[in-house]
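In case you want the letters, here they are:
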Amino acid sequence: MVRNVIRGLTRAIILAVVVSAHPYPAGSQTVANCAERSQVIEFLAQKYDEKPAAIGLINPQAVMEVFAADNGSWTLIVTDVSGRSCVILAGKSWDPMPQVGPKA
């Protein structure tokens, strides 16, 4: 059951990334929330006290990461192979799921 919840959460995040990454035709897209990965991570740490909470491979060219703070704020970023990171989503009430080991 936990595996299904995690799988469903992963699919929901990927869907949110896809929808958020391309909501408008290419001609009207702006580059507003992107910078070098190190700059984005430093900003999240200084401004929101967010630290790495989760990571996942989207495809061979992109990785998604969730940064979260003890106060519940969270940010999802996507980083491409060139090292450029973009903030895709952010929110409140982050609640980490317990680690699940293999069944005996």
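Note: the structure precedes this text.
Quick caveat: nothing in here was measured; it's all calculated off a predicted structure.

Q: Can you explain the overall build of the protein? Please cite residues and give values.
A: In terms of regular secondary structure, the protein is built from two helices and five strands. Mapped in sequence order, the helices and strands of the protein form the string α-β-α-β-β-β-β. Split into buried and exposed, the 104 residues of the protein put 23% on the buried side. Partitioning the contacts of the protein with sequence separation of at least 6, the portion at a separation of at least 24 is 33%.

Q: Give a detailed account of the packing of aromatic side chains, specifying residues and quantitative values.
A: Considering all chains together, one arrives at two aromatic pairs under this definition. Centre to centre, the rings of Phe-43 and Tyr-48 are 5.9 Å apart; their planes meet at 80 degrees, and the pair counts as edge-to-face. Arranged with centres 6.4 Å apart and planes meeting at 50 degrees, the rings of Trp-74 and Trp-94 form a pair that is tilted. Residue Trp-74 is located in strand β4 (residues 74-80), and its partner Trp-94 is located in the segment after β5 (84-91); the two are separated by 20 residues in the primary sequence. For Trp-94, a relative accessible area of 27% puts it in the partly exposed group.

Q: Account for the pairing of strand β2 (residues 51-59), naming residues and giving values.
A: Where β2 meets strand β3 (residues 62-68), seven bridges bridge the pair, whose relative direction is antiparallel. Each bridged residue has a counterpart across the sheet, and for Gly-56 the counterpart in β3 is Met-64. Between the end of β2 and the start of β3, which pair antiparallel, lie two residues.

Q: Now, about unusual backbone geometry: what can you tell me, with residues and values included?
A: Backbone geometry at Asp-49 places phi at a positive 60 degrees, although glycine is not the residue there. By the secondary structure assignment, Asp-49 is in the loop between α2 (37-48) and β2. A relative accessible area of 44% places Asp-49 in the partly exposed class. Although it is not a glycine, Ser-93 sits at a positive phi angle of roughly 70 degrees. With respect to the element layout, Ser-93 can be found in the segment after β5. Residue Ser-93 is classed as exposed on the basis of its relative accessible area, which comes to 65%.

The rules behind each value
- Residues numbered from 1 in each chain as written.
- Predicted model: local features only at pLDDT ≥ 70, side-chain atom pairs only at ≥ 80, totals over all residues.
- Heavy atoms only, no water.
- Helix = DSSP H or I, 4+ residues; strand = E, 2+ residues; numbered from the N terminus.
- Buried < 20%, exposed > 50% of the residue type's maximum accessible area, 1.4 Å probe, protein only.
- Contact = heavy atoms within 4.5 Å.
- Phe/Tyr/Trp six-rings, centres within 6.5 Å; stacked < 30°, edge-to-face > 60°.
- Pairing = 2+ DSSP bridges.

Bear in mind that shape data such as this cannot, by itself, settle questions of function.
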